[in-house]
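# Descriptive structure summary
As a plain string of letters, each chain reads:
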Amino acid sequence: MKRGDIVCGVVERLDFPNKGIVRIDEEHRFTVKNVLPGQKVALRIKKLRKGNGEGNLIEVLEKAPNEIAPKCPHFGICGGCAYQNLSYEEQLKLKENQVKRLLDTVLEDGSFDWQGIKGSPVNTDYRNKMEFTFGDEYLNGPLSLGMHKRGSFYDVVKVENCRICDKDYDVILKETLNFFESRQISYYHRMKHLGYLRHLLVRKAAYTGEILVALITTTQLDFDLSEYRDMLLKLDLSGKIVGILHTKNDSLADIVQSDETNILYGRDYITEKLLGMQFNISEFSFFQTNTKGAELLYETARDFIGELGNREKTVFDLYSGTGTIAQMMAPVAKKVIGVEIVEEAVEAAKANAKLNGLANCEFIAGDVLKVLDEIEEKPDFIILDPPRDGIHPKALRKIIDYGVDKMIYISCKPTSLVRDLEMLTGCGYEVKKAVAVDQFPGTGHVETVVLLTRQNT
């Protein structure tokens with residue numbers, strides 16, 4: 001066997017994130033993306049060393065025994081979902097096995113209370129935020145607006161009838177594309193750095209139905225967006241548009257960010273409810289993308305935390321985002337201190353705490369690694385909810401040095417979690433409980449909640 005050869009085999013298992021393990025024979029195994037356990041596949045060898053290698057999927061020769069026909073018409077073309085060809089029950093089994101297998105690499109099997117996986121209360125039409133991209137569906141093709149094709153940085157596929165966001169997104173997406181296509185407005189070419197239209201960001205609150213629409217463009221065209229605004233406001237939607245924004249972004253990077261944002265209509269945020277509290281969510285605020293799933297996630301964390309006692313405890317909420325967890329803890333704590341590197345998220349957290357009448361929350365903008373040196377208070381309890389890459393080892397060392405009896409770690413990437421757990425367990429903490437919580441049905445992502453206690457306490 002050598003690079004470029006096409007070989008066939010059966011997918012033995014699927015490791016996180018979306019990495020199929022295909023055994024060709026007794027001596028050769030390959031990692032392949034976008035497959036399912038039980039499928040017989042043909043792959044082209046990309047890398048090979050000492051019997052282990054990587055391959056690119058050529059064709060699924062035989063379906064898996066539990067495979068079903070995907071309900072989404074774009075599955076396999078759009079890069080947004082990975083498991084639409086499994087029933088939701090089978091998706092949960094797959095994710096549970098992935099997380100447990102990773103935890104067992106750093107924890108002794110049976111040494112902790114593994115509570116399996118909790119499914120999302122809703123598994124379709126659940127997303128409260130979508131970022132769509134302007135582009136073309138193929139080279140020099142007509143204007144398109146949707147998601148990147150799987151494996152492509154350039155091609156954009158229209159995603160009408162997407163299964164993970166509700167029908168209002170469909171309407172806004174379709175009519176936005178029609179509006180700019182009929183006026184022959186160009187999209188921003190990422191290689192040429194020329195063009196106007198970049199992204200369309202839509203947020204819709206699950207409980208209030210409020211909708212925020214943000215059009216992201218360059219400044220290369222002076223285009224009057226008043227007709228676009230008026231068109232949006234006339235749409236027949238189940239929710240209500242409360243804000244329309246024009247965000248200008250001349251960055252070379254293909255990301256949604258703002259050099260300047262103008263309000264074309266209404267306000268620059270939507271209001272959402274979560275566990276009896278109210279949150280104002282702006283264009284760039286971090287907020288869990290599955291509102292009802294987030295309630296389950298935070299209820300699970302709250303159950304793991306248990307009783308804090310006599311309200312004399314100081315809680316650190318590190319990587320606090322817009323302060324959702326901090327505000328959840330505030331009623332049972334003396335003080336909650338949230339630390340978050342995104343300044344806009346910190347300002348939103350302060351505003352939301354005030355909105356909910358919570359006076360014992362303090363939010364600090366800055367890198368956890370640096371901010372911990374500046375905080376005079378010492379925590380009695382620590383909650384960790386880091387970004388996907390996990391916690392910087394130096395920051396984790398400072399967290400460990402507080403010596404708190406209990407910590408909660410909420411992870412959106414189990415591979416980062418197990419890396420951090422290796423350091424935590426090596427420094428005197430043990431995992432007491434762990435559970436996976438599915439916030440992202442249809443996709444390869446999953447959350448994990450872990451309770452850690454300091455040994456000999």
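The following paragraphs examine the structure supplied in this document. (Residues numbered from 1 in each chain as written. Predicted model: local features only at pLDDT ≥ 70, side-chain atom pairs only at ≥ 80, totals over all residues. Heavy atoms only, no water.)

## Quick notes on the state of the cysteines
Evaluated as defined, the whole model comprises zero disulfides. Cysteine 162 takes part in no disulfide bond, and the closest cysteine sulfur, belonging to cysteine 165, lies 3.7 Å away. (Disulfide = S-S within 2.5 Å.)

## Side note on the sheet that holds strand E13 (residues 260-266)
The strands that make up a sheet pair up through hydrogen bonds in the backbone, lying either parallel or antiparallel. Reading across from one edge, E9-E8-E7-E10-E11-E12-E13 is the order of the seven strands in this open sheet, with mixed pairing throughout. Every other strand in the sheet has two partners, leaving strand E9 (156-158) and E13 as the edge strands with one partner each. Averaged over neighbouring strand pairs, the angle between their axes works out to 35° when direction is ignored. Inspection of the sheet shows strand E7 (residues 129-136) paired to strand E8 (residues 143-148) by four bridges, in the antiparallel sense. Counted as the bridge partner of threonine 133 is glycine 146 from E8. (Pairing = 2+ DSSP bridges. Helix = DSSP H or I, 4+ residues; strand = E, 2+ residues; numbered from the N terminus. Axes fitted to C-alpha atoms, helices over the stretch in contact; angles between N-to-C directions.)

## Thoughts on the pattern of salt bridges
Tallied over the entire structure, the rule returns 22 salt bridges. Between aspartate 420 and arginine 419 there is a salt bridge, and its shortest N-O distance comes to 3.0 Å. For arginine 419, a relative accessible area of 40% corresponds to the partly exposed category. (Salt bridge = Lys/Arg side-chain N within 4 Å of Asp/Glu carboxyl O. Buried < 20%, exposed > 50% of the residue type's maximum accessible area, 1.4 Å probe, protein only.)

## Some details on the side chain of asparagine 18
When you line up the elements, asparagine 18 lands in the loop between strand E1 (6-15) and strand E2 (19-23). Under the relative-accessibility criterion, asparagine 18 is labelled buried at 13%. Within the structure, the side chain of asparagine 18 is placed 3.0 Å from the side chain of asparagine 34, a separation counted as a polar contact. (Polar contact = N/O pair within 3.5 Å; in protein donor to acceptor, adjacent residues only side chain to side chain.)

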